[in-house]
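So you can see what is in the structure, the chains are spelled out below.
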Amino acid sequence: MNPDIAAAVAAMDKIPVSQMEHPGDWALDPSSCRFLAAFTRAIGARRVIEFGSGFSTLMMAREIAAHEGNYLLSVDDSPHYSALAREALESSECAAKVDFRVAPLRPRFYGRRLLLSYALPKGLVDALGPFDLAFVDAPHHNHGRESVFYDLFPAVAPGGYIILDDSNSHDQDNKFIKSWKAAYGGAMEAIPLEGIGNGLTVIEKVDDDVPFYQKEGAVGDSLRTLRDFSRLLLNKPE
Ligand SMILES: C[S@@+](CC[C@H](N)C(=O)[O-])C[C@H]1O[C@@H](n2cnc3c(N)ncnc32)[C@H](O)[C@@H]1O
């Protein structure tokens, strides 16, 4: 087993997740919280990025807080849930430097495929990297979960990791992992951890590479993106 994963699995049961603090169903599953914190600690992560702010923000912030130059960039498309995550962090008195950003989801082409993508200022993620760890817990289905990987990959340090939540239950997420593998080949290695929470996949960035976007299914995927975008516009995030 990958030694960083083995170290995190061995240590995760000792990580406390307070029932008083954990906000419930929408937040990262408690055992996934434990793994995420233990993994952040195991790799000595100092700079972290996440898509999908919430309880996960606090779990990782507590682990990086002791490192000099620590930084966590936490991105969400919802001003409301981003603000709730910020309040939870502030009331925890965690000393880590956490930058909360709200970025709406907008259609953007990746090769020939239109995907919903977090509209952050161009070059921002690269400029704030390199990151040791990225955590992807964006809204489910087609809402930014595939595109963030392409946006993140150049900003993750070689030897760093990207963790995807919910990779057990959502066929869509497994489809995304297949697309990432097809795009990056040997520059990444995906390690599924099916027994933890709703399924986490730990992806090691082996090397820098440019993606080779797949053309297959481009029309269908792009139409789904337009459908999802129109639904988003009708039900704007809080
Ligand atoms: C799976 S949640 C992210 C959870 C976060 N990583 C955590 O550990 O709490 C994905 C998205 O759902 C939204 N969200 C968070 N809490 C929510 C709630 N109680 N009800 C509806 N949406 C929520 C946020 O905008 C977030 O980006």
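That block above? That's the structure.
First, a word on scope: everything that follows refers to the structure included in this document. Fair warning: this is a prediction, and the values are worked out from it, not measured in the lab.

Quick look at a nonpolar patch on the surface
So, point 1. Together, Val219, Leu223 and Leu226 make up an exposed nonpolar region whose accessible area comes to about 310 Å².
So, point 2. Following the sequence through the fold, Leu223 ends up in helix 8 (residues 218–234).

A look at the nonpolar core
Side chains that are nonpolar tend, in soluble globular proteins, to be buried together.
So, point 1. Judged by nonpolar contacts, the single largest core of 38 residues is most densely connected at Ile162 and Trp180.
So, point 2. When residues of this core are assigned to their parent elements, the largest contribution, five residues, is made by helix 7 (residues 171–184).
So, point 3. Every residue in contact with Trp180, bar those within four places of it in the chain, is listed here: Arg145, Glu146, Phe149, Tyr150, Leu164, Gly185, Met188 and Ile203.
So, point 4. Ile15, Met59, Cys94 and Val202 belong to the second-largest nonpolar core, a separate cluster that totals 37 residues.

Some thoughts on the side chain of Asp221
So, point 1. Residue position: Asp221 is located in helix 8.
So, point 2. Residue Asp221 is classed as buried on the basis of its relative accessible area of 8%.
So, point 3. Sequence-distant contacts of Asp221, that is, excluding residues within four places in its chain, are made with Arg113, Leu114, Asn142 and Lys175.

A word on the pairing of strand 3 (residues 98–102)
So, point 1. In this sheet, strand 3 lies alongside strand 2 (residues 71–76) in parallel orientation, the contact comprising five bridges. Of the residues in strand 3, the one forming a bridge with Asp76 is Val102.
So, point 2. On the question of chirality, the crossover connecting strand 2 to the parallel strand 3 by way of helix 4 (residues 79–92) is right-handed.

Quick notes on the rules
Residues numbered from 1 in each chain as written. Predicted model: local features only at pLDDT ≥ 70, side-chain atom pairs only at ≥ 80, totals over all residues. Heavy atoms only, no water. Patch = residues over 30% accessible without salt bridge, like charges linked within 9 Å, V, L, I, M, F, W, Y side chains within 5 Å. Areas by Shrake-Rupley, 256 points an atom, 1.4 Å probe, with all protein chains shown as cover. Salt bridge = Lys/Arg side-chain N within 4 Å of Asp/Glu carboxyl O. Helix = DSSP H or I, 4+ residues; strand = E, 2+ residues; numbered from the N terminus. Core = buried A, V, L, I, M, F, W, Y, C linked by side-chain atoms within 4.5 Å. Buried < 20%, exposed > 50% of the residue type's maximum accessible area, 1.4 Å probe, protein only. Contact = heavy atoms within 4.5 Å. Pairing = 2+ DSSP bridges. Right-handed = clockwise from strand over helix to strand, strands pointing away.

So yeah, pure geometry; function would need other evidence.
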